[in-house]
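One-letter residues, chain by chain:
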Amino acid sequence: MKSLIFFILFFSNLYAHNFGYFIKDYISEDDINFKELKYEDYQNVILDEFTIKFELDFEKLENKTYYLTIVSDKDSLIYTNVKYEIINNIIVVKLDKFQEKEIFFKYKYDNPKIAQFRWNYINSFEYKYLLKYEGILYGVAYGIIFCAFLYYLIIFFSTKMKCFLYYSLMQIFVLLSLIGFMYFSYQAYPTSIPQALVDTAETLSFLFTLLFAQAILKTKEKMPKIHIFLNIFVILNILDLIAILIYKYSILYIYIPFHIGFLIPTIVGTIAIIKGDKNAIVYTIGWFVVCIFIYAAEHYLIPISGIYTVHIGAPLESLIFSFALGYMLKNLAKEKNEKEKLLIHQNKLASMGEMINNIAHQWRQPLTHLGFINMNFQLALEDKKIDIKYLNEKIKESNSQLDFMSKTIDNFKDFYKINKQKEIFYLSEAIKKAIEIMLPIFDSLNINFQFEIKEDKQINAYENEYSQVILNLLTNAKDAIISNNIKHPEIKITLEVKNNTSITTIFDNAGGIEKKYLDLIFDPYFTTKEKGTGIGLYMSKMIIESHFKGKINVLNKEKGAIFSIEI
């Protein structure tokens, strides 16, 4: 029953303000012979009756007023020589200079059992403002801690950052520990199983505190030696969990004071600050606050009971960390926005490069044609055989080529024009815009291209953005065909509508995407091209998901890859 000894010792620290200061306790089994009360002497003794005697030292008590609190089996109390009141199911006796010098409590059980009796004393402030309203204190503390747990668990699922998971789990186990302490404060005699559960929650809270410190301070990358140091304590806590399963009580925290569990991350946070990590300041303050509160509770430095001190310190730490993690989230959002702006800018540059390349490709033939016209003019001048009819034909021919080049500029200018407002358009028309740009390139590469419209759909959105996504997918298909030296290249677009959802599929026979890359191709900066930027597909995914509330997928099928856009 070492767990009982540990529990009594801990709660003696948690509630008392230096036992033996002005009051001494004694026990008797026959109402005649009293001896000093020692809990360890009675942890396994079965009694049918016993009497507890308290002796007050009025010189030490002076003119102060305290209140004796007793947790026991009240129904078995058969005699006492003092007036008392029941608050929160606890016997409360006023202790002042007018009280009896000797106070007696006699208990008699119907069936013999281990003596159920535990006492403490509190000051007047606790009696007036905390004891009667401790339910409110506990409720507010638990509410704050639970909200912190729930809030950051949700954030973890959205960000997948381990620090938020560790912080969330730390909070839930702190909450369970506090609930366990509160529960035992109303129990005269704890059993081993509930105590083991509290010890487990307590050890897990320290374990996740260390893991949170490692994750938030990035000790593995920034402070490798400190990371190893923290890992030692992580392992000790894991071993302690195993010990609890075997012995039903914590071994580690019998020998290590509770405040050490928060002193360690405080020291690590201080080292991080010294190394220039300004973000560690708030976290270190949070750990330091909890460390001080627990240390004060263990060493009676605050004139209120330790259980109240801990219930004030724990939610205060939650609030401090919530502000810190909230600030961290703000910075993450800002950083994400900056990265997205950079990606958009890079995508624009890449698009401009593609545009210039496509314009150059489409201009190459008319420029060659204009060159031939100029050569014909030169030959005609040399032979001096120019007539008006020939001149007009060549001028008309050159104007036709210039009109084609001008139209090409207009097409690209309209294609890359930013839509500020949504417009109603048919998906087939948006797809045709991209096809018009790519078709001359497909013809020059002998790519067999097909566009099949099974069923069209009209939507209210940004037409050019949809066209740009199609253009990007067609460009990728063309590049894959070139890089893989496909002998009989094919690209096919199919537009259909199923269950009021438009599905545009783009197929190529370039051999498909390697399985190991299938889950990565939509990630920013990921590319398999030698000179690729890795942002085209990422931006396409962002456009479809953000502006069209749709989704874009890819899968391998037979000879190649199929991209599908569902809106």
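Going by the annotation in an unreviewed UniProt entry, the name recorded for the chain is histidine kinase, with Arcobacter lacus given as the source organism. Under Catalytic activity (unreviewed entry), UniProt gives the following word-for-word description of the chain: "ATP + protein L-histidine = ADP + protein N-phospho-L-histidine."

Caption draft 1: Region of the structure containing the overall build of the chain. In terms of helices and strands, the chain carries 16 helices and 16 strands. Per-residue burial for the chain yields a buried fraction of 48% across its 567 residues. Excluding contacts between residues fewer than 6 apart, the proportion of contacts in the chain whose partners are at least 24 apart in sequence is 76%. Summing over all exposed atoms, the chain offers an accessible surface of approximately 30400 Å²; the carbon and sulfur share of this is 58%.

Caption draft 2: Structural context of the sheet that holds strand β1 (residues 23-28). Across the sheet, five strands lie side by side as β2-β1-β3-β8-β5; this open sheet has antiparallel pairing. Two strands lie at the open edges of the sheet, namely β2 (35-36) and β5 (77-80), each paired on one side alone. With six bridges joining them, β1 and strand β3 (residues 46-56) adopt antiparallel strand pairing. The partner of K24 across the bridge, within β3, is E55.

Caption draft 3: View of the environment of F173. Looking at the element boundaries, F173 is found in helix α5 (residues 162-184). Along the chain, F173 and A201 lie 28 residues apart, while their C-alpha atoms are 5.0 Å from each other. Apart from the residues within four sequence positions on either side, F173 is in contact with A201, L204, S205 and F208.

Caption draft 4: Seen up close, the environment of N553. Along the chain, the position of N553 falls in strand β15 (residues 551-557). Classification of N553 as partly exposed rests on a relative accessible area of 32%. In this structure, the C-alpha to C-alpha distance between N553 and L518, residues 35 residues apart in sequence, is 9.8 Å. N553 has contacts with F522, I562, F563, S564 and E566, leaving out every residue within four places of it along the chain.

Caption draft 5: Spatial organisation of the nonpolar core. Residues F164, F212, I216, W287 and L325 are the most contacted members of the largest nonpolar core, which totals 79 residues. Leaving out residues up to four positions away in the same chain, W287 has contacts with T209, F212, A213, I216, L217, F262, P265, T266 and F321. The next biggest cluster of nonpolar side chains, apart from the first, holds 40 residues, and it includes I459, I470, A477 and I521.

Caption draft 6: Looking closely at the packing of helix α6 (residues 192-217) against helix α10 (residues 260-274). The interhelical angle for the contact between α6 and α10, taken along N-to-C directions, is 5°, at an axis separation of 9 Å. Classified by the angle their axes make, α6 and α10 are roughly parallel. Taken together, the residues of α10 that come into contact with α6 (itself represented by F206, T209, L210, A213 and L217) are G261, F262, I264, P265, V268, G269 and A272. Of the residues belonging to the contact of α6 with α10, the class tally is nine nonpolar, three polar and no charged.

Caption draft 7: Here's a closer look at unusual backbone geometry. The backbone of D31 shows a phi angle near 65°, a positive value even though the residue is not glycine. Within the secondary structure, D31 is located in the loop between β1 and β2. Look at D31 and you get partly exposed, because its relative accessible area is 34%. Here K218, not a glycine, exhibits a phi torsion of approximately 50°, which is positive. Residue position: K218 is located in the loop between α6 and α7 (219-222).

Parameters and conventions
Residues numbered from 1 in each chain as written. Predicted model: local features only at pLDDT ≥ 70, side-chain atom pairs only at ≥ 80, totals over all residues. Heavy atoms only, no water. UniProt positions renumbered as here; feature names shortened; annotations may be inferred. Helix = DSSP H or I, 4+ residues; strand = E, 2+ residues; numbered from the N terminus. Buried < 20%, exposed > 50% of the residue type's maximum accessible area, 1.4 Å probe, protein only. Contact = heavy atoms within 4.5 Å. Areas by Shrake-Rupley, 256 points an atom, 1.4 Å probe, with all protein chains shown as cover. Pairing = 2+ DSSP bridges. Core = buried A, V, L, I, M, F, W, Y, C linked by side-chain atoms within 4.5 Å. Axes fitted to C-alpha atoms, helices over the stretch in contact; angles between N-to-C directions. Parallel < 35°, antiparallel > 145°, perpendicular 65-115°, else oblique. Nonpolar A, V, L, I, M, F, W, Y, C, P; charged D, E, K, R; others polar.

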